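Per-entry structural report
Listed below are the residues making up each chain.
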Amino acid sequence: MSIKRVLVFCLVLGVCWCGNLDFPPGFKFGAATSAYQIEGAWNASDKHLSVWDFDTQSDPKMVRDGNNGDTACDSYNLYKRDVEMAKELGLHFYRFSISWPRLMPASFPIRISEDGKRYYNDLIDELLKNNIEPIVTLYHWDLPQRLQNLGGWANPLIADWFADYARVAYSFYGDRVKTWITINEPIVICDVVYNTGLLAPRVQHEDGALICNKNVLLAHAKAWRVYDEEFKPKYHGKVSMANQMVWLEAASKEDEDIAILAREHSYGRYTHPVFSREGGWPAKLERAYADISKKQGYLRSKLPAFTKKEIEYIRGTYDFLALNHYTSRKVRKGSPGESATLFTGIYDFDIKFEVDESWKNGSTSWFYVYPEGIRKQINWLKQQYGDVEIFITENGYCDDGDMVDDNRVEYYKDYLKQVLLAIKEDKAKVIGYTAWSMMDNFEWIDGYQTKFGLYKVDFDDPERTRTPRKSAKFYADVIKHNSLDIPESQEL
Ligand SMILES: *[C@@H]1O[C@H](CO)[C@@H](O)[C@H](O)[C@H]1NC(C)=O
Ligand SMILES: *[C@@H]1O[C@H](CO)[C@@H](O)[C@H](O)[C@H]1NC(C)=O
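Residues numbered from 1 in each chain as written. Chains lettered and ligands numbered in written order. Predicted model: local features only at pLDDT ≥ 70, side-chain atom pairs only at ≥ 80, totals over all residues. Heavy atoms only, no water.

1. A word on the overall build of the protein
- The helix and strand tally for the protein stands at 16 helices and 15 strands.
- Computed over C-alpha atoms, the radius of gyration of the protein comes to 22 Å, within 12% of the 23 Å expected from 2.2 N^0.38 for 492 residues, which places it in the range of a compact globule.
- The principal-axis extents of the C-alpha atoms in the protein amount to approximately 65 × 60 × 50 Å.
- Looking at the protein residue by residue over its 492 residues, the buried ones come to 61%.
- A separation threshold of at least 6 residues defines the contact pool for the protein, and within that pool the share at least 24 residues apart is 75%.
- Surface summary for the protein: the accessible area is close to 19,000 Å², and the carbon and sulfur share equals 51%.
- Side chains of the protein carry 62 positive and 71 negative charges; the gap between the two charge centres is 4 Å. (Helix = DSSP H or I, 4+ residues; strand = E, 2+ residues; numbered from the N terminus. Rg over C-alpha atoms; globule rule 2.2 N^0.38 Å. Buried < 20%, exposed > 50% of the residue type's maximum accessible area, 1.4 Å probe, protein only. Contact = heavy atoms within 4.5 Å. Areas by Shrake-Rupley, 256 points an atom, 1.4 Å probe, with all protein chains shown as cover. Lys, Arg positive; Asp, Glu negative; His and termini not counted. Charge placed at Lys NZ, Arg CZ, Asp CG, Glu CD.)

See below:
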């Protein structure tokens with residue numbers, strides 16, 4: 001590395017750090033997508049409806065541009081092109097999700113869709129043929145509408161339903177899929193859905209998030225145990241749950257306590273029961289909820305208690321820790337009644353979220369760029385849960401769709417640099433990194449306006465043509481060199 005480059009890096013980092021910019025040997029790079037966001041083919045053969053099919057079709061106004069995922073990137077038909085893109089990028093793995101109502105139209109294992117089963121077999125085989133490891137998410141928000149009609153994530157029976165579905169997927173694909181994510185971002189499934197009512201299944205209910213929270217943990221634990229007991233002995237794979245974490249730090253010295261509570265509320269509720277040594281809810285948060293529930297007139301805590309047996313059942317149900325991270329917030333004590341909303345809707349505590357003036361925004365409302373946040377997040381996890389293997393299962397940047405997407409390149413460069421610092425300086429065991437997303441896709445209630453893709457997808461073209469952006473070339477170079485120090489001649 002030339003002196004000039006060292007200086008440039010020092011400027012970017014704000015401190016002088018002259019270690020090399022290579023990732024550890026064997027570090028895994030990949031990219032991700034999810035079923036509803038890319039597959040389309042919403043009514044192919046015997047596929048049943050998910051909550052996203054049902055809601056976007058019955059009320060197009062729920063999505064910013066009035067669109068839905070009926071066709072999306074048409075990956076149901078174009079999966080070979082998807083694998084080709086993964087190959088062009090040089091990905092070590094591709095993370096995608098299985099659509100529960102596509103694989104099991106009745107949502108219970110009484111009926112399997114042969115076409116659904118074949119689609120995922122074909123995708124997995126095509127990846128393996130190209131030396132790309134399939135990493136599979138079982139649940140990325142597309143609950144069968146039939147199960148929503150029975151209460152969805154608010155019904156405790158969902159732990160059994162989900163574990164039955166997981167068993168079917170493991171039994172079909174476990175011979176070739178060695179890394180599984182049970183549930184993607186439970187905080188969205190529970191907090192965002194029930195607190196805002198904006199995302200499918202659009203049930204707004206002030207008591208929903210915490211009930212869902214407990215059920216989602218039991219569902220994850222059950223699915224993990226099914227793998228552990230019935231499949232791990234022959235397939236030797238790994239299973240975890242992917243949590244979305246917005247790095248939260250105190251706005252000032254006086255706000256340190258409230259920042260701790262905010263972190264326990266935003267991540268501890270989903271990670272402490274699984275990853276901590278003692279299991280169960282974070283103690284401080286559990287006490288805070290007991291107090292506030294009493295004050296509000298509830299006869300028991302709104303944060304549903306775990307039995308001793310449940311604590312033991314959930315505790316330790318991981319083989320690694322999966323982290324989705326995009327953005328950060330400053331946290332301060334609000335005046336009474338003033339609450340954070342964002343993802344977590346901390347309605348019960350007077351906590352306010354803010355962004356620093358220096359943080360640049362992306363093209364969607366919640367997105368602000370603070371690269372140091374990912375390093376701090378990783379360190380928080382290490383400090384809380386010890387030397388667990390951390391797999392970054394999502395990270396990426398949204399814009400309006402520039403082909404020369406310098407902001408995205410800069411985002412990846414700066415965030416990856418912080419990941420490197422976490423590995424090299426803080427000795428965190430980060431084993432892999434996943435770019436979100438391999439291509440533009442249906443970005444939930446933002447529709448097709450918000451772009452996260454390394455590849456542009458032309459949604460006006462019936463062929464859904466995919467074209468690499470500048471960031472695709474950059475990411476491919478990083479992977480090829482296993483380093484952020486890319487030879488000049490190859491830099492764009
Ligand atoms: C599937 O839905 C599309 C509209 O998205 C419609 O044109 C097509 O006829 C439907 N196919 C079947 C088999 O119902
Ligand atoms: C940041 O927000 C402003 C104001 O909403 C917007 O004009 C701008 O395009 C956003 N930046 C990016 C990179 O999208």
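Next, the rest of the story.
2. Some points on the site of ligand 1
- Around ligand 1, the structure places Trp 42, Asn 43 and Asp 70.
- For ligand 1, an oxygen atom lies 2.9 Å from a polar atom in the side chain of Trp 42.
- Burial of ligand 1 by the surrounding chains reaches 27%, relative to a free accessible area of 370 Å². (Near = heavy atom within 4 Å. Polar contact = N/O pair within 3.5 Å; in protein donor to acceptor, adjacent residues only side chain to side chain.)

3. What about the nonpolar core?
- Of all hydrophobic cores here, the largest spans 155 residues; its most connected members are Trp 52, Trp 153, Tyr 170 and Trp 180.
- Of all the elements, helix α10 (residues 208-235) adds the most residues to this core, at 14 residues.
- Those residues in contact with Trp 52 that sit more than four places away from it in its chain are Tyr 36, Met 62, Trp 141, Asp 142, Leu 199, Ala 200, Phe 442, Trp 444 and Ile 445.
- If you look at the next biggest cluster of nonpolar residues, it comprises 7 residues, including Ile 135, Phe 320, Ala 322 and Phe 391. (Core = buried A, V, L, I, M, F, W, Y, C linked by side-chain atoms within 4.5 Å.)

4. Side note on the side chain of Lys 451
- Locating Lys 451 in the fold gives a position in the loop between β13 (430-436) and β14 (455-457).
- For Lys 451, which is buried and forms no salt bridge, the nearest opposite charge comes from Asp 440, at a distance of 4.4 Å.
- At a separation of 2.9 Å, a polar atom in the side chain of Lys 451 contacts the main-chain carbonyl oxygen of Tyr 448.
- Residues within four places of Lys 451 in sequence aside, it is in contact with Tyr 397, Cys 398, Asp 399, Asp 400, Gly 401, Arg 408, Asp 440, Phe 459 and Arg 469. (Salt bridge = Lys/Arg side-chain N within 4 Å of Asp/Glu carboxyl O.)

5. Brief notes about the side chain of Thr 434
- Mapping Thr 434 onto the fold places it in strand β13.
- What makes Thr 434 buried here is its relative accessible area of 0%.
- For Thr 434, the side chain forms a polar contact with the main-chain oxygen of Ile 392, separated by 2.7 Å.
- If near-sequence neighbours (up to four positions away) are discounted, Thr 434 is found in contact with Gly 30, Ala 31, Ala 32, Phe 93, Arg 95, Phe 391, Ile 392, Thr 393, Glu 394, Asn 395 and Tyr 475.

6. A closer look at the packing of aromatic side chains
- What the rule picks out here adds up to 56 aromatic pairs.
- Relative to Phe 29, the ring of Phe 23 has its centre 5.0 Å away and its plane inclined at 85°; by these criteria the two rings are edge-to-face.
- Accessibility expressed as a relative area gives 3% for Phe 23, which makes it buried.
- The positively charged end of Lys 117 is found above the aromatic ring belonging to Phe 172, 4.2 Å away from the centroid.
- Sitting over the face of the ring of Tyr 313, Arg 225 holds its NZ or CZ atom 4.9 Å from the ring centroid. (Phe/Tyr/Trp six-rings, centres within 6.5 Å; stacked < 30°, edge-to-face > 60°. Lys NZ or Arg CZ within 6 Å of the ring centre and 35° of its normal.)

7. Some points on the state of the cysteines
- By the definition in use, this model includes 1 disulfide.
- Between the sulfur atoms of Cys 190 and its disulfide mate Cys 212 the distance is 2.0 Å. The disulfide joining Cys 190 to Cys 212 has a torsion of about -70° about its S-S bond and is therefore left-handed. A residue pair is termed long-range when its members are at least 10 positions apart, and Cys 190 in helix α9 (residues 186-196) and Cys 212 in helix α10 qualify at 22 residues. Considered together, Cys 190 and Cys 212 belong to a single accessibility category, that of buried residues.
- Free of any disulfide, Cys 73 has its nearest cysteine sulfur in Cys 398, 16 Å distant. (Disulfide = S-S within 2.5 Å.)

8. Focus on the sheet that holds strand β8 (residues 328-333)
- Read from one edge of the open sheet, 3 strands run β6-β8-β9, paired in mixed fashion. The sheet terminates laterally at β6 (247-250) and β9 (351-354), the two strands that pair on one side only. Recorded for the sheet is a direction-independent mean angle of 35° between the axes of neighbouring strands.
- Here 4 bridges tie β8 to β9, and the two strands are oriented antiparallel to one another. Note on β9: the bridge partner recorded for Arg 332 is Lys 352.
- Of the strands in this sheet, β6, β8 and β9 are in contact with helix α11 (residues 256-275), which crosses β6 at around 165°.
- Each of β6 and β8 is contacted by helix α14 (residues 372-385), which is oriented at about 90° to β6, the strand it contacts most. (Pairing = 2+ DSSP bridges. Axes fitted to C-alpha atoms, helices over the stretch in contact; angles between N-to-C directions.)

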